[in-house]
Amino acid sequence: MAKPDFEGALAKIRTRFLDRLREQSAELRQLLEQAESGAGRRDSIKAFGAIAHKIAGLAKSVGFAELGQAALEADQTIIRWLGDEEPQPSFSDVLWTMKNCLARCEDALSGNG
Amino acid sequence: MKILSVDDDELILELLVESLAQAGFHDVTTANSAQSALDLIAALDAENMDDEEGSFDCFLLDIEMPGMNGIELCTEIRKMPAYRRTPILMVTTLSDRNNIEKAFAAGATDYINKPFDQIELGSRIRLARMLVNEQRRGLQAYFMASALTTGLDDEKTALFQAPVTVEGVERVVDLQVLENFLLQLSRKGLYQSAAIAFKFTEAKEAFLKLGEAEYYELLEKVAALIAKGFGKCDFLLSHFGSGLFVGVIDRSGAPLPENFGDILAKAAEEAGLKPQDGRPGIIVGDPVENPIHRRNDIHSMLLDATASVTEKTLRIDAKVLKVKPLIPKGLKFNLFSDK
C-alpha cells in the first residue's frame, strides 16, 4: 500500500498535470484545426504527436487511464503516419485518434476522466 | 544506491523521484537533458577521482528528449570506463522494435515502458543491479582462475562453459540482457524474432592452451567476426559459454546474408582461426523462429538454436574423423537450469 506522503506527492503532481493539461488542450485543439484545414498539416500533426507523447507518459500514473490510452494511440498512430513503415494508417485514422485524444483531455479537465 | 534519472519532463522526474522513494530508493538525482546529465556525471566524477567506481550506481533514461536523445546518452555513458557495467534502464513511452533494439544495442540493461508502475520499477532496478553484480562476479572469477590447471577439471569446465560477457564489440550483449530484450519485445507483442547460433570450432583447444585473458581476447575476436558477418541484418549477439554464440534477428527486417556459413568460415580462415584438420573455424547453425509469449519460450528458442549448431558441429566432426555421428535425440544444453 502507498504511504500517505506518497499519496500527497502524487496529488500535487496530479494538480500540476491538470494545470498543464489545460494549456496542452488548447494547443491540441488549435493543431487539430490546422490539420483539418490542410495548412501545414504535417507539422501540425507532428506537434500534436509530441504533446500526446508527453500526456501518454504520465496520465495513467496520475489517475487518468483512459486519457493515457487515447494519448498513446494518437502518439503511435502519428508516428506510423509520419514514418515510412507499412502498413500506414489513413489520414482519417490519424484525425480520429487526435479527436479522441482531445475529447479525453476535455473529459479529464471537466472531472469525467 | 545512487540513481541518476534523466527526462525532459519535470513532472515525470518528480513522479520518478516519489515512486523510487516508495520503492526504497531515496538517493536520486535528476537531470532534464542528456547534456545536463553528462555535465553532472563529469562534475561528480571529478570530485571523486580516487574512486574506480562512478558516482552513480544506476541510470534511468528517457529516450525522446530534445538535442541528444536517451539512446545516444546511453552510448556516451557506456564509453566511460566507470560505467561500462552500471545498470542503465530506459524509461520511455516508445515501444516499437526499432527503439527497443537500438537501446539494447547501445548498452541498455533493461527497458521499461511509461506509464510505469512503481512496484515494477523498483523490482526491475533491483534485477538490473543483480545482473550487473553477477556479471562482475563472473568476470572476476573467470580471471582469477588458476592458470596452473592443465586439464578440464570441474572448476575449469565451469569456466569454459560460463556465459562470460564479451565486451567492446558493438551489438554484443550479456546473455541476460539478450533475454531482457526478447522479453521486452514479447511484452509489446513483437514476436518476429529468430535465433541463430554459432560455434567457435576450436574453443576448447584454445581454452586449454591459452590463459584466461588470452582466451577472452580470442572470444572478442570471434564475436567481432560474427558481428561483421551479419552485414546489413539487425541483430544482438551473446556469448553462451563453451565457444557458443547466439544472435537474435528481426525476421521482418533485412535478411541474413546468403552463404552466411561460407562468409564466416572465410573470415575465420583469414583471421587464422581455421583448424588444421580442415573444419571451418566458425560453424553457423540454422535460424530458429519460435513465437515468444513467456520467458520459457525465449529459453526454448535460444536452446533450439544452440542445438542446431551443435548438431551441425557433431556431423562435421564425424566427417573429419570418418566415423558415424552420434547425435543424441532432442539435443539441448540446459544453460538456464540454475536461473
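Per chain, the residues get numbers from 1 upward, laid out in the order the sequence is written. Naming scheme: in the order in which they are written, chains are lettered from A and ligands are numbered from 1. pLDDT decides what is reported in this predicted model: residues at 70 or higher carry local features, side-chain atom pairs at 80 or more are listed and counted, and totals for whole chains, interfaces and linings draw on all residues regardless. Note: side-chain values were computed over all heavy atoms of the structure, leaving out hydrogens and water.

Caption draft 1: Focus on the packing of helix H9 (residues 212-229) of chain B against helix H10 (residues 260-270) of chain B. Residue and element names in this part refer to chain B. Note on definitions: angles span 0 to 180 degrees between N-to-C directions of axes, and those axes are lines fitted to C-alpha atoms, for helices only across the stretch in contact. Think of it this way: any DSSP run of H or I at least four residues long counts as a helix, any run of E at least two long counts as a strand, and we number them from the N terminus. The N-to-C vectors of H9 and H10 enclose an angle of 140°; their axes lie 10 Å apart at closest approach. Relative to H10, the element H9 is oriented oblique. You can see that H9 and H10 cross each other, and the crossing is right-handed. Contacts between H9 and H10 involve Leu225, Ile226 and Gly229 from the first element and Phe260, Ile263, Leu264, Ala267 and Ala268 from the second. Residue polarity is assigned by list, with Asp, Glu, Lys and Arg as charged and Ala, Val, Leu, Ile, Met, Phe, Trp, Tyr, Cys and Pro as nonpolar; anything else, Gly included, falls into the polar class. Residue composition of the contact of H9 with H10, by class: seven nonpolar, one polar and no charged. Orientation labels follow simple angle bins: below 35 degrees gives roughly parallel, above 145 gives roughly antiparallel, 65 to 115 gives roughly perpendicular, and whatever is left gives oblique. For any pair of crossing helices, the crossing counts as left-handed if the nearer helix is rotated counterclockwise from the farther one by less than a right angle, and right-handed if it is rotated clockwise. Note on contacts: a residue pair is in contact if any heavy atoms of the two residues lie within 4.5 Å.

Caption draft 2: Broad picture of a negative patch on the surface. Every patch collects residues that have over 30% relative accessible area and no salt bridge, joining them within 9 Å if they carry like charges and within 5 Å if they are nonpolar side chains (Val, Leu, Ile, Met, Phe, Trp, Tyr). The method behind every accessible area is Shrake-Rupley, applied with a 1.4 Å probe, and residues are considered shielded solely by the protein chains displayed. A carboxyl oxygen of Asp or Glu within 4 Å of a side-chain nitrogen of Lys or Arg is what we treat as a salt bridge. When charges are counted, Lys and Arg are positive and Asp and Glu negative, with His and the chain ends excluded. By convention, the point assigned to a charge is CZ for Arg, NZ for Lys, CD for Glu and CG for Asp. Together, Asp84(A), Glu85(A), Glu86(A) and Asp96(B) make up a region of like negative charge exposed at the surface. With respect to the helices, strands and loops of the structure, Glu85(A) is situated in the loop between helix H3 (65-82) and helix H4 (91-109).

Caption draft 3: Quick look at helix H2 (residues 41-58) of chain A. For a helix, the expected span equals 1.5 Å multiplied by the residue count minus one. Here H2(A) contains 18 residues, and its C-alpha end-to-end distance of 27 Å stays within 8% of the 26 Å for a straight helix at 1.5 Å per residue. Relative accessible area decides the class of each residue, using a 1.4 Å probe on protein chains only: under 20% of the type maximum gives buried, over 50% gives exposed, and in between gives partly exposed. Among the residues making up H2(A), those that are buried are Ser44(A), Ile45(A), Phe48(A), Gly49(A), Ile51(A), Ala52(A), His53(A), Ile55(A), Ala56(A), Gly57(A) and Leu58(A).

Caption draft 4: Just the packing of aromatic side chains, in detail. Residues and elements named next belong to chain B. Here a Phe, Tyr or Trp ring, Trp counted by its six-membered ring, pairs with any other such ring whose centre lies within 6.5 Å, and the pair is stacked when the planes are under 30 degrees apart, edge-to-face when over 60, and tilted otherwise. Applying the stated criterion to the full structure yields 13 aromatic pairs over all chains. Ring geometry for phenylalanine 104 versus tyrosine 111: centroids 6.4 Å apart, planes at 25°, classification stacked. Considering the side-chain rings of phenylalanine 160 and tyrosine 215, the 6.2 Å spacing of their centres and the 45° angle between planes classify their relative orientation as tilted. Of the two residues, phenylalanine 160 sits in helix H6 (residues 154-161) while tyrosine 215 sits in helix H9, which places them 55 residues apart along the sequence.

Caption draft 5: Region of interest: the confidence of the model for chain B. Residue and element names in this part refer to chain B. Per-residue confidence from the predictor is reported as pLDDT, a score between 0 and 100. Residues with a pLDDT of 70 or more make up 87% of chain B, whose mean pLDDT is 85. Highest mean pLDDT in chain B belongs to strand S1 (residues 3-6) (97); lowest belongs to helix H5 (residues 118-144) (76). Low pLDDT, under 50, characterises residues 146-150; the stretch is placed with five contacts to residues that sit more than four places away or in other chains. This model gives residues 334-339 a pLDDT under 50, and the stretch forms 11 contacts once residues within four places in sequence are excluded.

Caption draft 6: Representation of the interface of chain B and chain A. In this assembly, 18 residues from chain B lie in contact with 21 residues from chain A. In short, buried area is how much 1.4 Å probe accessible area vanishes from two parts on joining, totalled over both. Across the chain B/chain A interface, buried area totals approximately 1,700 Å², and carbon plus sulfur atoms make up 59% of it. Here chain B is connected to chain A by three salt bridges. When the shortest N-O distance is used, the salt bridge between Arg20(A) and Asp9(B) registers 2.8 Å.

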